[in-house]
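One-letter residues, chain by chain:
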Amino acid sequence: MKLLLENWRQYLNENEASKVTDFFKDIGYEGEETIYEFDEGCQVKLILVQTEEGVEINLIEVLSDECLNKGYASEVMNRVIDSADKHKIIISLQATPIDNKIGEEDLLSWYKKYGFEPEEEDYSKFELVRFPKGKTK
């Protein structure tokens with residue numbers, strides 16, 4: 001996977017900054033964090049950081065226990081994934097459970113269904129990366 005990241009860096013060109021800006025606009029991401037509002041007052045907080053490779057998810061969290069397991073975090077993740085594919089953005093993250101809302105294996109399984117894989121299999125199963133899929137902009 002490390003070689004894939006190195007090859008990807010070589011592939012990127014000077015338009016990368018605008019691609020990330022367009023990615024942020026597509027998902028309605030503003031400032032240092034964005035809180036997405038849903039029915040029943042449910043909210044999902046998303047914190048992203050631009051990296052050398054693309055974008056890192058620092059946090060995606062459903063803000064109230066009553067709203068857990070209702071698909072709100074999945075809805076935000078689908079926005080992120082769709083836009084990342086459209087703009088050819090790599091997404092990375094460190095899968096870390098928050099306040100025991102979800103176990104490690106369940107969290108890893110959740111990210112895997114969105115195409116995330118360990119960045120380096122020998123290093124840590126929690127350092128995940130996802131390369132863009134499908135058609136691009």
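Located above this text is the structure these notes cover.
Residues numbered from 1 in each chain as written. Predicted model: local features only at pLDDT ≥ 70, side-chain atom pairs only at ≥ 80, totals over all residues. Heavy atoms only, no water.

## Considerations on the nonpolar core
Phase 1: In this structure, L46, I57, Y111 and F116 are the most contacted members of the largest nonpolar core, which totals 35 residues.
Phase 2: Elements with a contribution of two residues or more to this core: α2 (16–26), β2 (43–50), β3 (54–62), α3 (72–87), β4 (90–94) and α4 (104–112).
Phase 3: When residues no more than four places from it in sequence are discounted, the contact partners of Y111 are I60, M77, L93, A95, F116 and L128. (Core = buried A, V, L, I, M, F, W, Y, C linked by side-chain atoms within 4.5 Å. Buried < 20%, exposed > 50% of the residue type's maximum accessible area, 1.4 Å probe, protein only. Helix = DSSP H or I, 4+ residues; strand = E, 2+ residues; numbered from the N terminus. Contact = heavy atoms within 4.5 Å.)

## Points about the pairing of β3
Phase 1: Within β3, 7 of the 9 residues are buried, which leaves the element mostly enclosed by the surrounding structure.
Phase 2: With 7 bridges joining them, β2 and β3 adopt antiparallel strand pairing. Across the sheet, the residue bridging to L46 is I60, located in β3.
Phase 3: Following β2, the chain reverses through 3 residues before pairing antiparallel with β3.
Phase 4: Crossover β3 to β4 through α3 is right-handed. (Pairing = 2+ DSSP bridges. Right-handed = clockwise from strand over helix to strand, strands pointing away.)

## Considering the state of the cysteines
Phase 1: In this structure the tally under the stated criterion is 1 disulfide.
Phase 2: Across the disulfide from C42 sits C67; the S-S distance is 2.0 Å. Across the S-S bond linking C42 and C67, the dihedral sits near -80°, which makes this disulfide left-handed. Taken together, the positions of C42 in the loop between β1 (34–37) and β2 and C67 in the loop between β3 and α3 put the pair 25 residues apart, joining distant regions of the chain.
Phase 3: The class for C42 is buried, based on a relative accessible area of 1%.
Phase 4: Its relative accessible area of 5% is what places C67 among the buried residues. (Disulfide = S-S within 2.5 Å.)

## Some thoughts on the environment of I91
Phase 1: Relative to the elements of secondary structure, I91 occurs in strand β4.
Phase 2: Residue I91 is classed as buried on the basis of its relative accessible area of 0%.
Phase 3: Between the C-alpha atom of I91 and that of F116, which follows or precedes it by 25 residues, the distance is 8.4 Å.

## A few points about the pattern of salt bridges
Phase 1: All chains considered together, the criterion is met by 5 salt bridges.
Phase 2: Its salt-bridge partner being R130, residue D85 comes within 2.7 Å of it at the nearest N-O pair. Taken together, the residues D85 in helix α3 and R130 in strand β6 (residues 127–130) connect sequence positions 45 residues apart. Of the two residues examined, D85 and R130, each falls in the buried class.
Phase 3: K125 is the partner of E105 in a salt bridge, and the nearest nitrogen-oxygen pair spans 2.7 Å. Residue E105 is found in helix α4, and its partner K125 is found in the loop between β5 (117–118) and β6; the two are separated by 20 residues along the sequence.
Phase 4: K125 gets classed as partly exposed once you look at its relative accessible area, which sits at 40%. (Salt bridge = Lys/Arg side-chain N within 4 Å of Asp/Glu carboxyl O.)

## Some details on the environment of S83
Phase 1: By the element assignment, S83 lies in helix α3.
Phase 2: For S83, a relative accessible area of 3% puts it in the buried group.
Phase 3: Spatially, the C-alpha atom of S83 lies 5.7 Å from that of F23, the residues being 60 residues apart in sequence.
Phase 4: Leaving out residues up to four positions away in the same chain, S83 has contacts with F23, D26 and I27.

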